[in-house]
Amino acid sequence: MDADVSPPWRPPTRQEVAAAAGRGLVDVIGPGLRVLFCGFNPGLYSAAVGEHFARRGSRFWPALHGAGFTDRELRPWERAELLRQGLGITSLSNRATARADELTAAELVAGVTGLAVKVERHRPRWVAVLGVTAYRIAFVRPTAALGPQPELLGPARVWVLPNPSGLNAHFPLPALTAEFARLRREVDPQAPAASAS
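In this report, the structure presented in the accompanying data block is examined. (Residues numbered from 1 in each chain as written. Predicted model: local features only at pLDDT ≥ 70, side-chain atom pairs only at ≥ 80, totals over all residues. Heavy atoms only, no water.)

Here the focus is the overall build of the chain. If you tally the helices and strands in the chain, you get seven helices and five strands. Overall, the chain shows an N-to-C arrangement of helices and strands of α-β-α-α-α-β-α-β-α-β-β-α. At 16 Å, the chain has a C-alpha radius of gyration in line with the 16 Å of a compact globule built from 197 residues. Counting all 197 residues of the chain, 49% fall into the buried class. Partitioning the contacts of the chain with sequence separation of at least 6, the portion at a separation of at least 24 is 72%. Surface accessibility of the chain: about 9800 Å² in total, with carbon and sulfur atoms responsible for 56%. One way to put it: in the chain the 23 positive side-chain charges average out to a point 2 Å from where the 17 negative ones average out. (Helix = DSSP H or I, 4+ residues; strand = E, 2+ residues; numbered from the N terminus. Rg over C-alpha atoms; globule rule 2.2 N^0.38 Å. Buried < 20%, exposed > 50% of the residue type's maximum accessible area, 1.4 Å probe, protein only. Contact = heavy atoms within 4.5 Å. Areas by Shrake-Rupley, 256 points an atom, 1.4 Å probe, with all protein chains shown as cover. Lys, Arg positive; Asp, Glu negative; His and termini not counted. Charge placed at Lys NZ, Arg CZ, Asp CG, Glu CD.)

Moving on, we get to the pairing of strand S2 (residues 87-91). The side chains of a regular strand alternate between both faces of the sheet. Across the five residues of S2, five count as buried, placing the element largely inside the fold. The alternating pattern of S2 places Leu87, Ile89 and Ser91 and Gly88 and Thr90 on opposite faces, both of which are buried. The sheet contact formed by strand S1 (residues 35-39) and S2 spans five bridges and is parallel. Note that in S2 the partner of Cys38 across the bridge is Thr90. (Pairing = 2+ DSSP bridges.)

We now examine the sheet that holds strand S5 (residues 156-161). Consider a sheet: its strands pair through backbone hydrogen bonds, and that pairing is either parallel or antiparallel. Judged by pairing direction, the sheet is mixed, and its five strands sit side by side in the order S2-S1-S3-S5-S4 without closing on themselves. Single-partner strands in this sheet number two, and they are S2 and strand S4 (147-153). Between one strand axis and the next, the sheet turns by 25° as a mean value, whatever way the strands run. (Axes fitted to C-alpha atoms, helices over the stretch in contact; angles between N-to-C directions.)

Our focus in this paragraph is unusual backbone geometry. We note that Arg123 has phi near 55°; this positive angle belongs to a residue other than glycine. For Arg123, the position within the fold is in the loop between helix H5 (105-122) and strand S3 (126-130). By relative accessible area, Arg123 is classed as partly exposed at 46%. A positive phi angle, near 55°, is found at Val140, a position not held by glycine. With respect to the element layout, Val140 can be found in the loop between helix H6 (132-138) and S4. Judged by its relative accessible area of 56%, Val140 falls in the exposed class.

Next comes the structure, spelled out in structure tokens:
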């Protein structure tokens, strides 16, 4: 992101971040998306400011752009632009926590039902679940791997991507971007290859 573009919020205090526990976020969703990205749940910082993947240094936005999904690196508050580019964001659980492992398996499994309702209503072409561990638990597929999945979710095909959290040491940004690019090539096979910028 450009250093001269500041978010339209002041950084929340530690107390405000802690007080965001349990809050949810509004989905970034609309009809006929190319891809609906589905995370585990909002983090506390994101819930405190009211935007998905809002923490400074989030790897979601650079991976999205680096993979060629967007023509520039979007910022968390650019919801309308994300939708204009045929992309959306939701979560399996809309309960903000400090760590994803604070969610129960039952919450993740129940989240699939809510996700299926959204998919039936908005009919994205693809649902990209952000995190193989969450996918394995929520969809009860203990041996699932990254990439395309055999089952549909309503009308949508399903792809599993790595969790873009900075805590996911198995996937530094170049490897994360490469996984996002695999999906982008499937979604937009006629599009030119993403640049390595």
